Every structure is written in C-alpha cells, then in structure tokens.
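Structural overview
Here are the chains, one letter per residue:
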Amino acid sequence: MKKSKLYPWYFAAGAIIIYTTLCVIPGIIGIGYAFTDWSAYSKEIHFVGWENFKKLFSADTNYMKYITNTLLFTAVTTVAKSGLGLLFALALSKNIKLKNFHRGVMYMPSVLSILIIGLVFTSILNPKVGILNQTLRTVGLDSMTQQWLTNPKIAFWSVMAVDIWRGTGYIMTMLIVGILAIPQVYYEAAGIDGASGWNKFIHITLPMLKQTLAVTIVLNVLYGMKVFDMVYALTNGGPGHTTEVMYTAVFKQFSQGLYAEGTTISSVMFIIMVVTGFFMIKVLTKDEVQE
Amino acid sequence: MQTKKKAINFMKNILAWLISLIMLIPLVLIIVNAFKSDAEALTLTLSLPKEWTFSNFVTVIEKGKLLQSFLNSLLYAGCATIIVVLFGSMAAYIFSRRRDRTGNAAYMYMVLGIVIPINYVALMKVMQVTHLNNSVPGIILLYTATQLPFTVFLLYGFVSKIPVDLDEAAVIDGCGPVRLFFGIIFPMMRSSIVTAAVLCFLNTWNEFVMPLYFLNSSEKWPMTLAVYNFFGQYEKSWNLICADILLTCLPVIIMYLSCQKYIVGGQTEGAVKG
C-alpha cells in the first residue's frame, strides 16, 4: 500500500484544525487588530495605522517598563533555577538516604497550580500574620522583616523568589535523571588517567548534560516570557505597576475593554516568539531532526 | 579518605533534608491551619491546632461552591484529556511516519505551539464568531488547543521508536490504516499515552487563565477560579482559606503520589536525550 493511503492526512486533521483555529489564527488576526482602535466602547472599528505601536514605545506610557520587567523576571528566574538546580542535582544525585522521598518532595511544587502557590505565598509573606516575618521576629531579626509584597523596592524580587522556589525542583529532577544516565565507565576511565573531580565535571558531566540543560533553559525562558498566574496571585502588578509584566498588563487592558492596546502588546510578543521560536524548537527537537 | 567521604555524604543528606523542609513548610502550614478554629487561625503558624476542627471543610464546601467547581474541573480536564490524547497520538503517528518535507513541516508547525503565546484578546473575537465564548465546549476546546502541541511533541518521540516494519507486516495481513493504528500502534503506545494523559490532566486541572478570560458565569468556574474568588471574599479567615486550598490541591496531590512515575518519566523523556 502507498504511504499516502496507509498514513492518511485526515488522521492529523483534528489536531491541526483545533490548534490552528484557537492558537494560530488569533495570533495572526491579532496583528491586524493592532492597527485599529478596537475597544468595548465603540461599535465601529477604524484603521489607525501605527498609533498603538507608537503608544507602546512612547515615554508617556509604562509599556516599556512592563517589557523590561518581563525580561528581568525571565532572566533572573531562569539563571537562578538552572544554577541552583544544577548545584542541588550534583550534590544530591548519589548517596542520599530516602532519595525517592526527597525527590518526590522537591518535584512536588511543579505539579501544583501556580495560582494556588501564589495564594499560599501571599499568606506566608503577609507582613503581620505571615510565617516569614513571624519567624524573623522570633529569632530576633526584627530589622529584616519586610512588607514583602507591598514595598515597591522588593515586591518584584519576592515574586521572583517564590517562582524560584517553585521551579528549582523541576530542573533538579531533570538533571538528576541526566546525571544518572551518564555511564559510570567514563568516570572510571578518567579516574585512571588521574583526572580531578573538577576536571571530571567540566569534561564529562557538563557536556553530557548539555542537551538537558538547553531544553530546561528554553522551557524556562518560555515560561518567564508568558508568566501570568504567579504575578496575578501575588501582587497583580502592584504596588504602582512595579511588578507588572506583559500578560498582567494585557489582562488589565482586556478587562477595561481596551482591546486594541491588548492585542498590540500580544502581537509584539507573538512576533518575537515566532522569530526566536524557530531557534528554540531546534533545541527541543535536536535529536529527532538528526534521526 | 574514608572518613572524609563519610563527612561529605553526611553533609549531602543534611542538605537534602534542608531543601525538602523548605519545600514542605508551605504545605504543612496549609494543612495545620485548615483544621484550626477561627480564633486560632488569626496568625498563621506551624503549631498544631489545639483542637482539630473539621467543620471548616463543611463551611468551605457550602460557601465556596466547591462541589460544583470540582465537577466542572473534572469535566473540563477529563474531556480535554481524552480529545488531546486521541487527536495528539493520531497526529504524532502521521508526522512520524511521513518524514518528507510536508510531514516535517507539519510537525514543526504543530510544535511551534509550545513556543507561541496566545493572543487572548483576539482569541475572544474567534470565540465569539464560533459561538464558543462562555460555553463548556468552548473551554474544553481551548484546553485541548493549548495542550496539543506539547502532547504531539511528547508522543512523537515514542511513536518514532515503533518500527515501520511492523506497519508493513500488518498491511500484508490486510490491515487498513484505521485498524493498523487503533489495533496495533495505539496499544503499543500505551505507557506513553498514560504519561501524556496524566500530564495533560494535571495541566488542565491547574489551568487558570483561560477560564479567567472566557468563562463569565460563576456556576461554570473550575476549582482554580473558585478558590481565587474565595480567597478574595474571606481575606481574614485563614482557616477557611487553608481548608479551601487543601481541598483544591488534594486531587492533584493524590494523582501525583499515585502517578509520580509517569509524571517525572514523561517530563524527563522530552528533556533527557543527549
């Protein structure tokens, strides 16, 4: 039987149609709407040219701040999660008693709802009744107590810290699996040649973990660029927009009926991600393409 | 040398306990406070409740409309998972067997969905035109659309490992494409299908953004949205909030404990290849 008959395209049609209609088409028509004055307050939609984009990049609005916040969040959380994850994975991959218990506990935050983690941490970080400030007071570190989520100087760092708490265990688990997959003979051979622990790490462990690290970093960057639940639950962009990221801003515009502005900022994201996405997909599917 | 190694191992175990403790504190905090009386839960501490109050859960189920939202979540996540697994496995199978230009391009197009962000504002327009806005089928299809790319990506890796010789043998025995896939290939993908289904169910159970944008009526809300709303209403009653959060997380935790193998296995399958 011919390939075309044995593997008919209609098998893939369901997935392609749903995905195209609800993920791709909104992205494309969204770019069109970015050039209009679409809002909840007028029935007619007019073409306005580059107006919305000018607004986005002008000094009078805060949008650039939201974009830099998103980039800062992405960079800080990705670096911290990967760094800590690698460190913990190296320390905890071998010779740990109750290793399944520990791994189970450390991976757990990544299966819980991000929104709920956010809500739980609003109570932990509550300046009056929260356990963090209470503990600091009990051990006599009153000076370190903070308005964790309402002080404009530290609120964004608190949000990032909670996200690092949530995401480190996931990367660590991936890397532990990767480390355990490295054949022991490599280390034995290196040992015979007199390689030090550091040399083994640089020349064996790290190169063998390259693909795992690349994939986790890509997934983290994607998560960071699209972050919403965590910020929404913890601060909702406040105080005074200091923790506002792109997607909390989009939701605010959406609920205020400012559709054109919402779709403009989404379109900028869409274009950036499609262009850089090609590179990220290459990383994700590296092995398969070579097959 | 031996004592030095022992000391290092001891330190490693201490570190493991320290990290586990940091991960567990929030969970323990929620559990103990969920059982406290109103007066006791004014401040959130890790101390055990003086007397264990179970009425919090009853209050929460009644006031938080937890039962309704539980059934909603179950319906949305359940239906979406079935559609995603069915369509996702069929698509992954076709892409993996058609490794020509079109097949690879179609696979890439699908996997691009992992990367591209959703334009929620324009999506609303699509939802209105297709009459899916604020409807149950609408939210299920939205969940399906967001989960399909990763599922196809995950299953593609598995189905590629099933030898093509098998297909040829089946064809010689007189199998058509439908019987070949559902009778032979699909059963062989069983373990990876379970992994994909568990991950998809967890992700859709935890989904918050789509219902926030596209479900206006509170009787259609899933658990995540209900708990968020409850949190806003009962800001000071920490015992009720903790009880609500605990009940919302419970299905996920049970699922995690019973399917841990599939969850971690599936996540690492995608990442660990090199």
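Predicted model, so just to flag it, every value in this text is computed and none were measured.

Quick notes on the rules
- Residues numbered from 1 in each chain as written.
- Chains lettered and ligands numbered in written order.
- Predicted model: local features only at pLDDT ≥ 70, side-chain atom pairs only at ≥ 80, totals over all residues.
- Helix = DSSP H or I, 4+ residues; strand = E, 2+ residues; numbered from the N terminus.
- Rg over C-alpha atoms; globule rule 2.2 N^0.38 Å.
- Buried ≥ 20, exposed ≤ 12 C-beta atoms within 10 Å, placed from the backbone.
- UniProt positions renumbered as here; feature names shortened; annotations may be inferred.
- Axes fitted to C-alpha atoms, helices over the stretch in contact; angles between N-to-C directions.
- Parallel < 35°, antiparallel > 145°, perpendicular 65-115°, else oblique.
- Left-handed = near helix turned anticlockwise from the far one by under 90°.
- Contact = placed C-beta atoms within 7 Å.
- Nonpolar A, V, L, I, M, F, W, Y, C, P; charged D, E, K, R; others polar.
- Core = buried A, V, L, I, M, F, W, Y, C linked by C-beta atoms within 7 Å.
- Domains from an automatic or database assignment.

Overview of the overall build of chain B
Broken down by element type, chain B carries 12 helices and 0 strands. In chain B, the order of α-helices and β-strands from amino to carboxyl end is α-α-α-α-α-α-α-α-α-α-α-α. Here the C-alpha radius of gyration of chain B, 23 Å, is well above what a compact globule of 274 residues would show, namely 19 Å. Overall size of chain B, expressed as C-alpha extent along the three principal axes, is 75 × 70 × 35 Å. By residue count, 48% of the 274 residues in chain B fall in the buried class.

Quick word on the UniProt feature "transmembrane region" (unreviewed entry) in chain B
Mapped onto the present numbering, the UniProt feature "transmembrane region" (unreviewed entry) falls on residues 14–35, 74–95, 107–127, 139–159, 180–205 and 238–257 of chain B. As a span, residues 107–127 of chain B carries 81% helix and 0% strand, and end to end its C-alpha atoms are 25 Å apart.

Some details on the environment of Val215(A)
All names here are of chain A. Structurally, Val 215 can be placed in helix α10 (residues 197–225). For Val 215, a count of 23 C-beta atoms within 10 Å puts it in the buried group. Sequence separation between Val 215 and Ala 249 is 34 residues, and the spatial gap between their C-alpha atoms is 28 Å.

Looking at the UniProt feature "domain: ABC transmembrane type-1" (unreviewed entry) in chain B
Taken from the UniProt record, the annotation "domain: ABC transmembrane type-1" (unreviewed entry) applies to residues 70–259 of chain B. Helix makes up 81% of residues 70–259 of chain B and strand 0%. Its end C-alpha atoms lie 20 Å apart.

Digging into the packing of helix α6 (residues 136–159) of chain B against helix α9 (residues 190–205) of chain B
All names here are of chain B. Two elements in contact, α6 and α9, have axes separated by 10 Å at closest approach and are oriented at 155°. On the basis of the axis angle, α6 is roughly antiparallel to α9. Regarding α6 and α9, the two cross each other, and that crossing is right-handed. Mapping the contact onto sequence places Tyr 143, Gln 147, Thr 151, Leu 154, Leu 155 and Phe 158 in α6 and Ser 192, Ala 196, Cys 200, Asn 203 and Thr 204 in α9.

Describing the interface of chain A and chain B
Counting from both sides, the interface comprises 85 residues of chain A and, opposite them, 84 residues of chain B. Within the side of chain A that touches chain B, the residues separate by chemical class into 53 nonpolar, 23 polar and 9 charged.

A closer look at the nonpolar core
If you look at the biggest cluster of nonpolar residues, it comprises 167 residues, and the most contacted ones within it are Ile116(A), Val250(A), Ala91(B), Val152(B), Leu155(B) and Ile245(B). Among the elements that make up this core, the one with the highest residue count is α6(B) (15 residues). Here this core spans two domains, and each of domain 1 (2–57) and domain 2 (65–233) of chain B adds at least three residues to it. Setting aside residues no more than four positions away along its own chain, Leu155(B) makes contact with Gly88(B), Ser89(B), Ala92(B), Met189(B), Ser192(B) and Ala196(B).

Details of the environment of Leu234(A)
All names here are of chain A. Of note, Leu 234 is situated in helix α11 (residues 229–234). When the C-alpha positions of Leu 234 and Thr 150 are compared, they lie 9.9 Å apart, and in sequence the two are 84 residues distant. Among all residues touching Leu 234, those that are not within four sequence positions of it are Gly 118, Phe 121, Thr 122, Leu 149, Val 159 and Val 162.

What to know about the UniProt feature "domain: ABC transmembrane type-1" (unreviewed entry) in chain A
According to UniProt, the "domain: ABC transmembrane type-1" (unreviewed entry) feature falls on residues 67–280 of chain A. Along residues 67–280 of chain A the backbone is 73% helical and 0% strand, and the end-to-end C-alpha distance reaches 20 Å.

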